[in-house]
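Now for the letters of each chain:
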Amino acid sequence: MCRAEATREPKKAAADPAELKKGDEWLKDFDFEGFANEIKELGKKLDAEQGEADVAHLNKMIMWSNCCAAIGLLSMGFAVNPITILCLSLYTCTRWTMIAHHTCHGGYEKVHPNKGRWSRFKFGIGTFWRRFNDWFDWMMPEAWNVEHNNRHHYNLSEIHDPDLVEQNLEEVRDMNCPVIFKYMMVGFTMLTWKWYYYAPNTYKELKLARLRRQGKAIPEGVQPELAVTVKSAMMGQSHFYSFAELMTVVLLPYFILHFFVAPLPYLLLGEHLEGYTGQDMYWTAIKNLFLAELLTNCHSFIIVVTNHAGDDMYRFREPCRPFSGSFYLRQVLASVDFSMGSDPVDFWHGWLNYQIEHHMWPNLSMLSYQKSAPQVRAICAKYGVPYVKQNVFWRLKKTVDIMVGNASMKWFPESYEQEYLQQDSKIEAANYKKSQ
């Protein structure tokens with residue numbers, strides 16, 4: 001895990017103001033320790049305030065999501081139409097980004113009365129029934145937990161961040177071809193990314209985690225940070241599993257049950273409704289499901305992939321200690337928030353419009369992030385830390401610019417990175433002495 005990597009001592013270095021570029025001037029007078037202390041105390045306060053209201057809010061969001069599912073599933077056999085497609089898409093998206101996402105981070109396990117289900121150690125994992133009943137999608141929940149909850153969150157914008165857009169799209173960025181072809185590749189990615197890239201890559205991270213737990217070395221010559229896709233697995237370029245394993249364990253169960261088994265009741269229903277046939281209703285339902293799949297891929301791409309990409313987002317060279325001053329600072333400098341503040345707006349954003357707050361404290365509830373955003377923004381303003389909050393479609397434009405090579409992310413000034421890592425070590429040592 002990344003936490004072990006973050007324990008090595010930083011290089012000795014002194015922050016050099018001469019290294020600062022345009023836009024980095026705020027670092028000259030930045031109170032690193034004061035910022036870290038205020039963010040840490042706010043996190044403790046938010047955690048202590050969680051309770052019944054957070055569970056009630058979760059239930060409300062589940063009801064909204066399930067209503068989308070009900071409308072989509074009960075209407076998908078009658079006609080191909082935008083309302084059915086939108087509702088099916090919204091259910092798939094929100095079940096992942098809101099319900100599963102925050103539950104798998106442990107956002108509700110301290111306050112929810114049903115500990116047997118709403119726990120990160122229970123939800124969606126252990127058996128196929130749990131996957132099917134709690135969160136059934138292209139990605140395996142336990143694989144996503146490793147890739148997202150551990151690798152991404154604790155290696156944000158480092159080389160070992162599996163979701164680092166600039167690194168993952170390096171081949172596209174460096175292609176010597178008309179930019180229109182790059183835009184076409186991005187368009188294809190937007191419509192297919194969950195099954196083509198995310199499912200196989202999260203499964204790779206699960207396999208890597210198992211190797212580490214078993215104390216086995218990564219095969220020589222293998223670069224674990226490189227993404228695995230359906231194409232690379234099909235070409236035999238995955239060193240962690242076969243294409244047959246990817247299909248049978250990860251992709252085919254969802255493909256078969258979601259697209260072909262779920263519409264089966266319409267075969268029977270169509271025989272009892274005037275003007276319809278079972279075959280027609282069944283295939284109409286399948287068409288709606290496939291069109292919803294394209295839409296939910298596009299929707300989730302816009303609200304997920306754009307969270308940490310843009311020419312105003314920083315990259316980092318060294319790992320840092322979780323929940324240290326460097327950790328909190330990086331979550332602000334490498335994340336972006338979107339329009340926010342009300343349940344309907346946040347629902348459409350899949351509750352991913354609070355990425356700064358979520359990355360600071362991954363194990364809080366959706367309601368806590370809604371409460372915390374104004375407070376975090378005020379702290380950042382007090383200390384001069386750039387807090388980026390923009391419209392999601394503007395962030396999409398910035399992300400695409402990174403993907404096609406029109407722009408590049410910023411590197412955090414190296415001397416300041418090392419200086420803050422040293423301060424983390426000193427603060428940790430001082431806290432350890434106090435505890436003895």
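Just so you know, the residues in each chain are numbered from 1, in the order the chain's sequence is written. Where local features are concerned, this predicted model is filtered to residues with pLDDT of at least 70; where side-chain atom pairs are given and counted, the filter is 80 or more; whole-chain, interface and lining totals use all residues. With hydrogens and water set aside, each side-chain value is computed from the structure's full complement of heavy atoms.

1. Structural notes on the packing of aromatic side chains
Then step 1. Here is the rule: rings of Phe, Tyr and Trp (six-membered ring for Trp) pair when centre to centre is within 6.5 Å. Planes less than 30 degrees apart are stacked, more than 60 are edge-to-face, and the remainder are tilted. Scanning the model with the defined rule gives 44 aromatic pairs in all.
Then step 2. Here F32 and Y420 contribute two aromatic rings whose centre-to-centre distance is 4.4 Å and whose plane-to-plane angle is 5 degrees, an arrangement assigned as stacked. One end of the pair, F32, is in helix α2 (residues 32–49); the other, Y420, is in helix α19 (residues 414–435), and 388 residues separate them in sequence. Taken individually, F32 and Y420 each receive the classification buried, so the pair is uniform in this respect.
Then step 3. Among the aromatic residues, those joined into a ring-pair cluster are W26, F30, F32, F35, Y314, F316, Y383, F412, Y416 and Y420. Runs of H or I in DSSP of at least four residues are treated as helices and runs of E of at least two as strands, each being numbered from the N terminus. Only protein chains enter the area calculation, which uses a 1.4 Å probe; residues under 20% of their type maximum are buried, those over 50% are exposed, and those in between are partly exposed.

2. Description of the nonpolar core
Then step 1. As used here, the term nonpolar core means buried Ala, Val, Leu, Ile, Met, Phe, Trp, Tyr and Cys residues forming a set that is joined through side-chain atoms within 4.5 Å. One finds F30, F35, V385 and F412 to be the most contacted residues of the largest nonpolar core, which totals 116 residues.
Then step 2. Tallying contributions element by element places helix α9 (residues 179–213) first for this core, with 11 residues.
Then step 3. Two residues qualify as a contact provided that any one of their heavy atoms is within 4.5 Å of a heavy atom in the partner residue. Contacts of F412, omitting those with residues within four sequence positions, involve W26, L27, Y314, R315, F316, R317, L329, L333, E417 and Y420.

3. Some words on the packing of helix α11 (residues 243–261) against helix α13 (residues 278–304)
Then step 1. Two numbers describe how α11 lies on α13: the axes approach to 8 Å, and their chain directions differ by 130 degrees. Judged on the interaxial angle alone, α13 and α11 are oblique. Here α11 contributes Y254, F255, H258, F259 and F260 to the contact with α13, which in turn contributes Y282, I286, L289, F290 and E293. Axis angles are defined between N-to-C directions and span 0 to 180 degrees, where every axis is a line fitted to C-alpha atoms and, for a helix, only to the segment in contact. Small angles under 35 degrees read as roughly parallel and large ones over 145 as roughly antiparallel, with 65 to 115 read as roughly perpendicular and the rest as oblique.

4. Some thoughts on the confidence of the model for the chain
Then step 1. The pLDDT score gives, residue by residue, the confidence of the prediction method on a 0 to 100 scale. The predicted model of the chain has a mean per-residue pLDDT of 94, with 97% of residues at 70 or higher.
Then step 2. Here residues 1–9 is a poorly scored stretch, pLDDT under 50, and it has 24 contacts once near neighbours within four places are set aside; other chains count.

5. Some details on α11
Then step 1. What a helix should span is 1.5 Å times the count of its residues minus one. Between its terminal C-alpha atoms α11 stretches only 23 Å, short of the 27 Å expected from 19 residues at 1.5 Å a residue.
Then step 2. Buried residues belonging to α11 abut α4 (82–104), α5 (128–134), α9, α10 (230–234) and α13.

6. A closer look at a nonpolar patch on the surface
Then step 1. Among the surface-exposed residues, V179, I180, F181, Y183, M184 and M185 lie close enough to one another that they form a single nonpolar patch of about 530 Å² accessible area.
Then step 2. By the element assignment, F181 lies in helix α9.
Then step 3. Look at F181 and you get partly exposed, because its relative accessible area is 42%. Patch definition: residues above 30% relative accessible area lacking any salt bridge, with like charges linked at up to 9 Å and the nonpolar side chains Val, Leu, Ile, Met, Phe, Trp and Tyr linked at up to 5 Å. The protein chains shown are the only cover counted for residues, whose accessible areas, like all others here, come from Shrake-Rupley with a 1.4 Å probe. What makes a salt bridge here is a side-chain nitrogen of Lys or Arg within 4 Å of a carboxyl oxygen of Asp or Glu, nothing more.

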